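Residues per chain are reported as follows:
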Amino acid sequence: MQMSYGWKELMSVYKGSDEANERQDPYSVEQRILGSMLIDPSCVGTVLEQLEPEEFNCVWHREIFLGISALHSMGRAVDCLTLCDCLAQINSPVANECDEYLIHLVNTTVTSANISEDIRNLKAARREQMEKIHRIRELRDELCGLTGSDESL
């Protein structure tokens, strides 16, 4: 069973304790990228060329990214109101609360000037995550080999 959380619950889970950690925290980087796309439509194409939806760990962020991508491919404006309408039309699970969260993204994004750095940071975080997953699988396989277990963990 997949649990669905509203954006306020997600904020409390992901909130970093200090600014330096928050700067590199993948959740915060995802927020800055989406906020940049909303406050500066000129960077939308660049972001869409360099990132895939799967690179966003947060389901909310992935859905918003997909909505922005859909609007861009249709040649429509990327703004909070249009994006909320788009998410509702595609029956996105985030459509009910998107207006409040998109406003939050816009209000907390100071500039889009660091978008290239944020894209690099998100890609690096994703690579690190995949390396950890690979290492965990290796350790699992080693453990299964040591115990003689054929069960998959």
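Considering the overall build of the protein
Right, so step 1: Each helix and strand in the protein was counted, giving eight helices and zero strands.
Right, so step 2: Expressed as a percentage of its 153 residues, the buried residues of the protein come to 37%.
Right, so step 3: Sequence separation of 24 or more characterises 63% of the internal contacts of the protein that already satisfy a separation of 6 or more.
Right, so step 4: When the accessible area of the protein is evaluated, it comes to approximately 9400 Å², of which 51% is carbon and sulfur surface.

Considering the packing of aromatic side chains
Right, so step 1: Under the definition given, this model contains two aromatic pairs.
Right, so step 2: Between the aromatic rings of Trp 60 and Tyr 101, the centroid separation amounts to 5.5 Å while the plane-to-plane angle is 75°, which identifies the pairing as edge-to-face. Taken as a pair, Trp 60 in helix 5 (residues 59–73) and Tyr 101 in helix 7 (residues 98–108) lie far apart in primary sequence, 41 residues in all. The burial state of Trp 60 is the same as that of Tyr 101; both residues are buried.

Structural notes on the state of the cysteines
In a disulfide, the sulfur atoms of two cysteines are covalently bonded to one another.
Right, so step 1: Evaluation of the coordinates by the stated rule reveals one disulfide.
Right, so step 2: Sulfur-sulfur distance for the disulfide between Cys 84 and Cys 98 comes to 2.4 Å. Residue Cys 84 is located in helix 6 (residues 80–89), and its partner Cys 98 is located in helix 7; the two are separated by 14 residues in the primary sequence.
Right, so step 3: With a relative accessible area of 11%, Cys 84 lands in the buried category.
Right, so step 4: Residue classification places Cys 98 among the buried positions, given a relative accessible area of 1%.
Right, so step 5: The thiol of Cys 86 is not disulfide-bonded; the next cysteine sulfur, from Cys 98, is found 9.6 Å away.
Right, so step 6: A residue is classified by how much of its surface remains accessible, and Cys 86, at 4% relative accessible area, is buried.

Things to note about helix 8 (residues 115–147)
Right, so step 1: Between its first and last C-alpha, helix 8 extends 48 Å over 33 residues, near the 48 Å set by a 1.5 Å rise per residue.
Right, so step 2: For helix 8, the full list of buried residues reads Ile 115, Asp 118, Ile 119, Asn 121, Leu 122, Ala 125 and Cys 144.

Some details on the environment of Ser 28
Right, so step 1: Looking at the secondary structure, you find Ser 28 in helix 3 (residues 26–39).
Right, so step 2: C-alpha separation for the pair Ser 28 and Asp 118, spaced 90 residues apart in sequence, amounts to 9.5 Å.

Some details on the nonpolar core
Right, so step 1: Ile 33, Met 37 and Ile 64 are the most contacted members of the largest nonpolar core, which totals 32 residues.
Right, so step 2: For this core, the secondary structure elements donating two or more residues are helix 3, helix 4 (44–50), helix 5, helix 6, helix 7 and helix 8.
Right, so step 3: Setting aside anything within four residues of it in sequence, one finds Ile 64 in contact with Leu 34, Leu 83, Leu 87, Tyr 101, Leu 102 and Leu 105.

Topic: the packing of helix 5 against helix 6
Right, so step 1: Where helix 5 contacts helix 6, the two axes come as close as 9 Å, and the packing angle between them is 105°. With respect to their mutual orientation, helix 5 and helix 6 come out roughly perpendicular. Together, Glu 63, Ile 64, Gly 67, Ile 68, Ala 70 and Leu 71 of helix 5 and Thr 82, Leu 83, Cys 86 and Leu 87 of helix 6 make up the contact between the two elements.
Right, so step 2: When grouped by side-chain class, the residues that make up the contact of helix 5 with helix 6 number seven nonpolar, two polar and one charged.

A word on helix 6
Right, so step 1: Every buried residue belonging to helix 6 is among Thr 82, Leu 83, Cys 84, Cys 86 and Leu 87, and all of these are buried.
Right, so step 2: Tucked inside the fold, the buried residues of helix 6 contact helix 3, helix 5 and helix 7.
Right, so step 3: By the N-cap criterion, in which a side-chain oxygen at the helix start approaches the backbone nitrogen of a residue two or three places on, helix 6 is capped by Asp 79, the distance to Leu 81 being 3.2 Å.
Right, so step 4: Asn 91 lies just past helix 6 and shows a positive phi near 55°.

The rules we used
Residues numbered from 1 in each chain as written. Predicted model: local features only at pLDDT ≥ 70, side-chain atom pairs only at ≥ 80, totals over all residues. Heavy atoms only, no water. Helix = DSSP H or I, 4+ residues; strand = E, 2+ residues; numbered from the N terminus. Buried < 20%, exposed > 50% of the residue type's maximum accessible area, 1.4 Å probe, protein only. Contact = heavy atoms within 4.5 Å. Areas by Shrake-Rupley, 256 points an atom, 1.4 Å probe, with all protein chains shown as cover. Phe/Tyr/Trp six-rings, centres within 6.5 Å; stacked < 30°, edge-to-face > 60°. Disulfide = S-S within 2.5 Å. Expected span 1.5 Å × (residues − 1). Core = buried A, V, L, I, M, F, W, Y, C linked by side-chain atoms within 4.5 Å. Axes fitted to C-alpha atoms, helices over the stretch in contact; angles between N-to-C directions. Parallel < 35°, antiparallel > 145°, perpendicular 65-115°, else oblique. Nonpolar A, V, L, I, M, F, W, Y, C, P; charged D, E, K, R; others polar. Polar contact = N/O pair within 3.5 Å; in protein donor to acceptor, adjacent residues only side chain to side chain.

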